[in-house]
Amino acid sequence: MISKRANRLSPSETLKITAKAKQMAREGASVISLSAGEPDFKTPAHICNAAIDAITDGFHGYTMNTGMPELREAISVKLKKDNNLDYAADQIVLSNGAKQSIGFSILATINPGDEVLIPAPYWVSYPEMVKMAEGNPKIIKTTFANNYKLTPDQLEEAITNKTKAIILCTPSNPTGACYTKNELKALGDILEKHPDIIIFSDEIYEYIVFDGEHTSILNASPALKDRTVIINGFSKGFAMTGWRLGYMAGPKTIVAAMAKIQSQETSAPSSISQKAGLAAYTGTMKPILEMREAFRERRDFIVHALREINGVECFTPSGAFYVFPDIHQFLGRETSDGEKIETSTDLCIYLLEKHGVATVPGDAFGEPNGLRISYAASMEQLNEAMTRFKNGLSQIN
Ligand SMILES: Cc1ncc(COP(=O)(O)O)c(C=O)c1O
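Just so it is clear, the model here is predicted, and its values are computed rather than measured. (Residues numbered from 1 in each chain as written. Predicted model: local features only at pLDDT ≥ 70, side-chain atom pairs only at ≥ 80, totals over all residues.)

## A short note on the sheet that holds strand E9 (residues 322-323)
Strand pairing in a sheet takes place through backbone hydrogen bonds and is either antiparallel or parallel in direction.
Reasoning step 1: An order of E9-E14-E13 is seen for the 3 strands of this open sheet, with the pairing classed as antiparallel. Both outer strands of the open sheet, E9 and strand E13 (360-361), are each paired with one neighbouring strand and no more.
Reasoning step 2: In this structure, E9 lies alongside strand E14 (residues 371-374), joined through 2 bridges in antiparallel fashion. Looking at the pairing, Tyr322 lines up with Ser374 of E14. (Pairing = 2+ DSSP bridges. Helix = DSSP H or I, 4+ residues; strand = E, 2+ residues; numbered from the N terminus.)

Here's what the structure looks like:
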């Protein structure tokens, strides 16, 4: 009864472990969840108030399929101001979250059999979205030694005559690593030699960068602009995951194809959320900077705590709210209860079930030697979680 397309997909591993942690908590267990990919802050008040006004003012109808012109105009201004990128409002499509922006952009460009390059560790949805479009995800393994960033040689080697696109994510989920302008330029130089490759640049964590400024591949290689799709949204920087609002900006041909798919599948995102998004991009950035500073403090704490643990290696990520330590030294070993820990998934399940701390196995992100810890949690929770984590690892022989 089920289509081949659906059968080819894997369910989201991050959502699975988060659901298990929630279920254990419901059953009365003490669980600290560091598995979720969302800020633990409330959406800033001025953004919420704009949504309340939208409701009381009766702003209840459908908006244009690509989103309210005023909001697309505000995004155009933001892209110029924050990112020094020129996009007119008609080169922008708003969707129900960046997830939809990426998914529909992939559907709009990828044909069956096309190869899409995805550096690993990757955000869990990228390969599945490519499969949904009947394309073939081609995973490029990166190394811990290079902070899990793709090198120009790795890119060059992976490109074939079937390569249709590449998906880049900076700051990265799951590693928190950010590419520098020079690193992006080196990748851009290679992509410039292959004019048929489309670049999907996922920049949803751009406001959570601790060291220096966020850089887009288009800042480094502007010549790629006519085949690059910028993906961004409100979920992470503005703590608006549940509002479901994201967007893509790109060349008009891709925008038109993507908008056509959206018009037949979902139409525009909620009118209320769009009013909230308008307040986000036109209002004060103070709460956003405060959240970033809180994330910085937590990052420093967690990196320090992880480096204190024998057998764990961890670099300091420059962005997002994740760390992705290398835990390979614990694999192929046994817990003091005789439980075998063969994979990062075994390790995460053991840490959750026996020590009440939820993290996500690197296996889910295509990197078996790591695990992802989200530090979108209070310092108190992080402190307790690190005690449990350390204790759990110390019982592996
Ligand atoms: C790298 C990355 N891109 C996109 C998304 C999707 O965000 P949204 O909530 O806007 O759909 C996420 C959310 O986890 C993410 O981590």
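## Let's talk about the domain arrangement of the protein chain
Reasoning step 1: Examined at the domain level, the protein chain breaks down into domain 1 (4-42 + 287-394) and domain 2 (45-282).
Reasoning step 2: Taken over C-alpha atoms, the centre of domain 1 sits 25 Å from the centre of domain 2.
Reasoning step 3: Counting from both sides, the interface comprises 36 residues of domain 1 and, opposite them, 32 residues of domain 2.
Reasoning step 4: Of the residues forming the side of domain 1 that touches domain 2, the biggest block, 6 residues, is contributed by helix H12 (residues 286-307).
Reasoning step 5: Grouping the amino acids of the side of domain 1 that touches domain 2 by side-chain chemistry returns 15 nonpolar, 9 polar and 12 charged. (Domains from an automatic or database assignment. Contact = placed C-beta atoms within 7 Å. Nonpolar A, V, L, I, M, F, W, Y, C, P; charged D, E, K, R; others polar.)

## Points about the sheet that holds strand E7 (residues 228-233)
Reasoning step 1: The 7 strands are arranged E2-E8-E7-E6-E5-E3-E4 in an open sheet whose pairing can be described as mixed. Among the strands making up the open sheet, the edge pair consists of strand E2 (92-95) and strand E4 (136-141). On average, adjacent strands in this sheet sit at an angle of 20° to one another, irrespective of strand direction. (Axes fitted to C-alpha atoms, helices over the stretch in contact; angles between N-to-C directions.)

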